[in-house]
Amino acid sequence: HIQDPASQRLTWNKPPKSVLVIKKIRDASLLQPFKELCVYLTEENNMIVYVEKKVLEDPAIANDENFGPVKKKFCTFREDYDDISNQIDFIICLGGDGTLLYASSLFQGSVPPVMAFHLGSLGFLTPFNFENFQSQVTQVIEGNAALVLRSRLKVKVVKEHRDKSTVQNGIEENGVVSANLEKEVGKQIMQYQVLNEVVVDRGPSSYLSNVDVFLDGHLITTVQGDGVIVSTPTGSTAYAAAAGASMIHPNVPAIMITPICPHSLSFRPIVVPAGVELKIMLSPDARNTAWVSFDGRKRQEICHGDSISITTSCYPLPSICFRDPVSDWFESLAECLHWNVRKKQNNFTVEEEE
């Protein structure tokens, strides 16, 4: 039985009480929508509102006396220090697609449903407009909404211990935050949950990237070029699309492998089944190291002997739809990427047909 994407609905076991509001920082245009939303959630719906501490440190919010009584009701947290994963019923994002990616990074396990408002530049993943936010938020609280489960990638990075940087409290000297840090003899292991893509590239080196890609333990190819993108269907419309890949609906269970500027005329992007185990390593004869990033974050160097293991995560991101998964996706293709926009061909007149 193949499930109809439109049949996926948001269902609450009990009414939601706590909401995490994520606002794009350093954007003055979002201050008023943020205040209106928070007042509505706290005063009209008696919700417990969680806000990141650095958002409230914005002078425009900190110095607003009228907003003071509402601000006192907030629960605050700091990224990488406070664990809020079991305290949030749903998430509201104000900004662009980056706010949804940031929300994903905060939850390395199960992710609450996410309602994303389009207040950024592109807005491919943010289907809601803010004009009628009260009625839309109320519908979500009442459970009257469709869902799309956006699959994520579970990534494990294993590094040979080289004593180049010390690790204290999970944070390296070079600023890379180690997620779920474990230690083996001579090895350092980090794990990440990725919504868009894992990008392996040649970094500042002038040489071609030279990395081996394994699928379920078998070498399938060596990438010689600028690098390779391993993406989810959600990420297929991001960097992968710019690199020439097909766009995949988020309901399709798949992982996409897309080369970046390959030095080969026949290296086409491929789609493999969700759940396979991919491993990426530097080729033994690679002239230089590689660099890896996860949804554009946590960028770090990959050396000989290091490995990156990638598979489908069992923790997808439930994204709340404006209409339904299919309509929202094609609306985004048309509005954001102008997919197949073309001047229409004129029809024949009666004289021309004759």
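This one's a predicted model, so the numbers in the text were calculated from it and none came from an experiment.

Reading guide: rules and limits
- Residues numbered from 1 in each chain as written.
- Predicted model: local features only at pLDDT ≥ 70, side-chain atom pairs only at ≥ 80, totals over all residues.
- Heavy atoms only, no water.
- Pairing = 2+ DSSP bridges.
- Helix = DSSP H or I, 4+ residues; strand = E, 2+ residues; numbered from the N terminus.
- Axes fitted to C-alpha atoms, helices over the stretch in contact; angles between N-to-C directions.
- Buried < 20%, exposed > 50% of the residue type's maximum accessible area, 1.4 Å probe, protein only.
- Phe/Tyr/Trp six-rings, centres within 6.5 Å; stacked < 30°, edge-to-face > 60°.
- Salt bridge = Lys/Arg side-chain N within 4 Å of Asp/Glu carboxyl O.
- Parallel < 35°, antiparallel > 145°, perpendicular 65-115°, else oblique.
- Left-handed = near helix turned anticlockwise from the far one by under 90°.
- Contact = heavy atoms within 4.5 Å.
- Nonpolar A, V, L, I, M, F, W, Y, C, P; charged D, E, K, R; others polar.
- Core = buried A, V, L, I, M, F, W, Y, C linked by side-chain atoms within 4.5 Å.

Student: Residues and numbers for the sheet that holds strand S16 (residues 254–260), please.
Tutor: Two strands in a sheet stick together by hydrogen bonds in their backbones, pointing the same way (parallel) or opposite ways (antiparallel). The strand order across the open sheet formed by six strands is S17-S16-S15-S12-S19-S20, and the pairing between neighbours is antiparallel. Bordering the open sheet on either side are strand S17 (270–273) and strand S20 (297–302), each of which pairs with just one other strand. In this sheet, neighbouring strand axes are inclined to one another by 20° on average, regardless of whether the strands run parallel or antiparallel. Two strands pair when backbone bridges link them, and strand S12 (residues 197–201) and strand S15 (residues 227–231) are joined in this way by five bridges, in the antiparallel orientation. The partner of Val200 across the bridge, within S15, is Val228.

Student: For the pairing of strand S18 (residues 278–282), give the residues involved together with the corresponding values.
Tutor: The alternating pattern of S18 places Leu278, Ile280 and Leu282 on a buried face, while none of Lys279 and Met281, on the opposite face, is buried. Bridge analysis of strand S13 (residues 209–215) against S18 gives five bridges, and the strand direction is antiparallel. Note on S18: the bridge partner recorded for Phe214 is Lys279. Of the pairings in the sheet, the one linking S18 to strand S21 (residues 307–312) comprises three bridges and is antiparallel in character. Bridge pairing links Leu278 to Ile310 in S21.

Student: Go over the packing of aromatic side chains with me, naming the residues and quoting the values.
Tutor: Applying the stated criterion to the full structure yields twelve aromatic pairs. Ring geometry for Phe117 and Phe128: centres 5.8 Å apart, planes at 50°, overall tilted. Of the two residues, Phe117 is situated in strand S5 (residues 114–118) and Phe128 in the loop between S5 and helix H6 (133–141); the sequence distance between them amounts to eleven residues. Classification of Phe117 by relative accessible area gives buried; the value is 0%.

Student: An account of the pattern of salt bridges is requested, with residue identities and associated values reported.
Tutor: Here the idea is simple: oppositely charged side chains can pair when their charged atoms come close. One pass over the full model with this rule turns up seven salt bridges. One salt bridge in this structure joins Lys187 and Glu160, with 3.1 Å as the shortest N-O distance. Separated by 27 residues along the polypeptide, Lys187 in strand S11 (residues 187–194) and Glu160 in strand S7 (residues 153–160) bring together distant segments of the chain. For Glu160, a relative accessible area of 30% translates into the label partly exposed. The salt bridge involving Arg202 is made with Asp226; its shortest N-O contact spans 2.7 Å.

Student: I'd like a rundown of the packing of helix H1 (residues 31–44) against H6, residues and numbers included.
Tutor: Closest axis-to-axis distance for the H1/H6 pair is 11 Å, and the angle between their directions is 45°. The orientation of H1 relative to H6 falls into the category oblique. The chirality of how H1 crosses H6 is right-handed. On H6, the residues touching Glu36, Leu37, Tyr40 and Leu41 of H1 are Phe133, Gln134, Val137 and Thr138. Considering only residue class, the contact of H1 with H6 consists of five nonpolar, two polar and one charged.

Student: Hey, could you go over the nonpolar core for me, with residue numbers and the actual values?
Tutor: Grouped together as the largest cluster of nonpolar side chains are 32 residues, with contacts concentrated most on Phe34, Leu37, Leu41, Phe74, Ile92, Phe117 and Val137. Broken down by secondary-structure element, the contributors of at least two residues to this core are strand S1 (18–23), H1, strand S2 (48–52), helix H2 (53–56), strand S4 (90–95), S5 and H6. Of all the elements, H1 adds the most residues to this core, at six residues. Those residues in contact with Phe34 that lie beyond four places of it in its chain are Val21, Lys23, Val51, Val55, Leu56, Ile61, Phe67, Phe74 and Leu94. Within the second largest apolar cluster, 29 residues are counted, among which are Leu215, Ala286, Ala290 and Ile302.

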